[in-house]
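Residues per chain are reported as follows:
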Amino acid sequence: MDIISQLQEQVNTIAALAFNTFGTLQRDAPPVRLSPNYPEPPPNTAEDAAANISEQPKPLSAALVKAAKQFDALVTALPLSEGGEEAQLKRIAELQAENDAVGQELQRQLEAAEKELREVQELFGQATDNCLNLKKPD
């Protein structure tokens, strides 16, 4: 797998971990009174839940930090651009010119193939006409 694909995969992993982390924290967070106008939220009766809530962020955040470090390592492994922006723009222009030349060649080949197809269709039509004209009516 090339490095760009690895970077994309790592970004997806980070996004999934962040989504799951925030979702878990939101789901398991104890109720909080939002305003004095609202009644007091019901207390959380499960003592296990309180202990579990305080422990959950640790492995989730550790996984998120690990994924971020892997992403940083992949970014560090990217090859440095040679010659800066001007060299890159020159290379892009060269590739674009090459692409245009190949496109023109493909267009010429397509036109030649279409011409040959028309000729073959015409010859086929003539051959079928000749075959049909050879039969004598009964």
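Above this note sits the structure.
The following paragraphs examine the structure supplied in this document. (Residues numbered from 1 in each chain as written. Predicted model: local features only at pLDDT ≥ 70, side-chain atom pairs only at ≥ 80, totals over all residues. Heavy atoms only, no water.)

## Here's the deal with the overall build of the chain
Across its full length, the chain carries four helices and zero strands. For the chain, the sequential pattern of α-helices and β-strands runs α-α-α-α. Looking at the chain as a whole, 8% of its 138 residues are labelled buried. Long-range pairs, those at least 24 residues apart, make up 79% of the contacts in the chain between residues at least 6 apart in sequence. When the accessible surface of the chain is totalled, it reaches about 11900 Å², and 59% of it is carbon and sulfur. (Helix = DSSP H or I, 4+ residues; strand = E, 2+ residues; numbered from the N terminus. Buried < 20%, exposed > 50% of the residue type's maximum accessible area, 1.4 Å probe, protein only. Contact = heavy atoms within 4.5 Å. Areas by Shrake-Rupley, 256 points an atom, 1.4 Å probe, with all protein chains shown as cover.)

## Concerning the packing of helix α1 (residues 3-28) against helix α3 (residues 57-77)
Remark: α1 packs on α3, axes separated minimally by 9 Å, with the N-to-C direction vectors making an angle of 160 degrees. Comparing the axis directions of α1 and α3 gives the class roughly antiparallel. Seen along the crossing, α1 lies across α3 with a hand that is left-handed. Judged by residue contacts, Ile3, Gln6, Leu7, Gln10, Val11, Thr13, Ile14, Leu17, Ala18, Thr21, Thr24 and Leu25 of α1 engage Pro57, Leu60, Ala63, Leu64, Ala67, Ala68, Gln70, Phe71, Leu74, Val75 and Ala77 from α3. Across the contact of α1 with α3, the residue classes break down as 17 nonpolar, six polar and no charged. (Axes fitted to C-alpha atoms, helices over the stretch in contact; angles between N-to-C directions. Parallel < 35°, antiparallel > 145°, perpendicular 65-115°, else oblique. Left-handed = near helix turned anticlockwise from the far one by under 90°. Nonpolar A, V, L, I, M, F, W, Y, C, P; charged D, E, K, R; others polar.)

## Brief notes about the pattern of salt bridges
Inspection of the entire model under this criterion finds two salt bridges. Note that Arg91 and Glu94 form a salt bridge whose closest N and O atoms lie 3.7 Å from each other. Here Arg91 and its partner Glu94 are both found in helix α4 (residues 84-134), three residues apart, which amounts to about one turn of the helix. Under the relative-accessibility criterion, Glu94 is labelled partly exposed at 39%. The shortest N-O distance in the salt bridge between Glu105 and Arg108 comes to 2.8 Å. One end of the pair is Glu105 and the other is Arg108, both in helix α4 and three residues apart, which spans about a single turn. For Glu105, a relative accessible area of 34% translates into the label partly exposed. For Arg108, a relative accessible area of 48% gives the class partly exposed. (Salt bridge = Lys/Arg side-chain N within 4 Å of Asp/Glu carboxyl O.)

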